[in-house]
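So you can see what is in the structure, the chains are spelled out below.
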Amino acid sequence: MLHARTYNLGCIVIHLSPFEWEYRLKEAHQITGYIAEKQLQDYLIMGDFNSFSPFDTDEIDKMTVLKERYIKSEANNPRKNMRGNKFDYSVISCFLASGATDICREFVPASQRGTYPTSTLYKKEWDDPEVAQRRKRIDFILVSPALVTDCTKATIHNGRDADPLSDHYPVSVEIKRK
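Residue numbers restart at each chain and count upward from 1, following the sequence in its written direction. Local features are withheld for residues below a pLDDT of 70 in this predicted model, meaning they are given only at 70 or higher, and side-chain atom pairs are given and counted only at 80 or more; totals for whole chains, interfaces and linings count all residues. Just so you know, side-chain values use all the structure's heavy atoms and leave hydrogens and water out.

Just checking my understanding: could you explain the overall build of the chain for this structure?
Tallying secondary structure elements over the chain gives seven helices and nine strands in all. The dimensions of the chain, computed from C-alpha atoms along their principal axes, are 45 × 35 × 25 Å. Looking at the chain as a whole, 43% of its 178 residues qualify as buried. In what follows, residue pairs with any heavy atoms lying within 4.5 Å of each other are defined as contacts. Contacts spanning at least 24 positions in sequence make up 71% of the contacts within the chain whose residues lie at least 6 apart. Treating the 25 positive side-chain charges of the chain as one cloud and the 25 negative ones as another, the clouds have centres 2 Å apart. Note on conventions: DSSP H or I runs of at least 4 residues are helices, E runs of at least 2 residues are strands, and numbering of each starts at the N terminus. Any residue under 20% of the maximum accessible area for its type is buried, any over 50% is exposed, and the rest in between are partly exposed; the area is computed with a 1.4 Å probe on protein chains only. Lys and Arg are tallied as positive, Asp and Glu as negative. Neither His nor the chain termini are counted. Positions of charges follow a simple convention, taking NZ of Lys, CZ of Arg, CG of Asp or CD of Glu.

Can you help me understand the environment of C94 in this one?
Tracing the backbone shows C94 in helix α4 (residues 90-97). Beyond its immediate chain neighbours, meaning those up to four positions away, C94 contacts L25, A28, H29 and T32.

In this structure, what is going on with α4? I would like to understand it.
An α-helix turns once per 3.6 residues; consequently, residues spaced three or four apart project the same way. For α4, every residue scored as buried is listed here: S90, V91, I92, C94 and F95. Buried residues belonging to α4 abut β2 (9-15), α1 (21-38), β3 (43-48), β4 (82-83) and β7 (139-143). Downstream of α4 by one or two residues, G99 has phi in the positive range, about 110°.

Honestly, the packing of aromatic side chains in this entry has me stumped. Any pointers?
The geometry of an aromatic ring pair comes down to the distance between the two centres and the angle between the two planes. Here the aromatic set is Phe, Tyr and Trp, taking the six-membered ring for Trp, and pairing holds for ring centres within 6.5 Å; pairs whose planes are under 30 degrees apart are stacked, those over 60 apart are edge-to-face, and all others are tilted. For the structure shown, the criterion picks out five aromatic pairs. Taken together, a centroid distance of 5.3 Å and an interplanar angle of 80° make the contact between F49 and F140 edge-to-face. With F49 in the loop between β3 and α2 (57-60) and F140 in strand β7, this pair connects stretches of sequence that are 91 residues apart. Comparing F49 with F140 shows no difference in burial state: the two are buried. Each ring, one from F52 and one from F87, has its centre 5.1 Å from the other, and the planes form 85°; the classification is edge-to-face. Separated by 35 residues along the polypeptide, F52 in the loop between β3 and α2 and F87 in strand β5 (residues 86-87) bring together distant segments of the chain. Look at F87 and you get buried, because its relative accessible area is 7%. Grouped by ring-pair contacts, the aromatic residues F49, F95 and F140 constitute a single cluster. The criterion for a charge sitting over a ring is simple: Lys NZ or Arg CZ within 6 Å of the ring centre, and within 35 degrees of the ring normal. R79 extends its terminal NZ or CZ atom over the ring of F19, reaching a point 4.3 Å from the ring centre. Over the ring of F55 we find R105, and its NZ or CZ is 3.8 Å from the ring centre.

Structure, rendered in structure tokens:
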């Protein structure tokens, strides 16, 4: 976690563990505890959460290829990203329970929220169906209750033009302070 202040905003940049949901949940509790301890009011939490949102369950639960891949990869692996045979939503739920708002949910339709992987990761074309079957949202911008009404736009830049930039698509938010 990196916490910086700019324009009177607390910017908390994170990259949570990609290996285990239980470890990510501990990280989430540490971050929300830090926010509470510092009594932060105007903040954004952004980055690679490596976690699924409970707001995306309708989309994620349809991804049978992804689910089968996760279950197969964890069969003989002590590190678990799944809770048994189910996707885990507890990490993002921890941030939401602390009062943070998933701002992309307010502006981006569920079917267009995929942030990872880009087709570049698999050396495929942007519209390849195999990549689309794996695309999920694990990158977020969460905003504090004090900032929600100041957010005028949120975008997940998951179009063809952003594809070669990284293995994750960028996420942005526009904030107009009153």
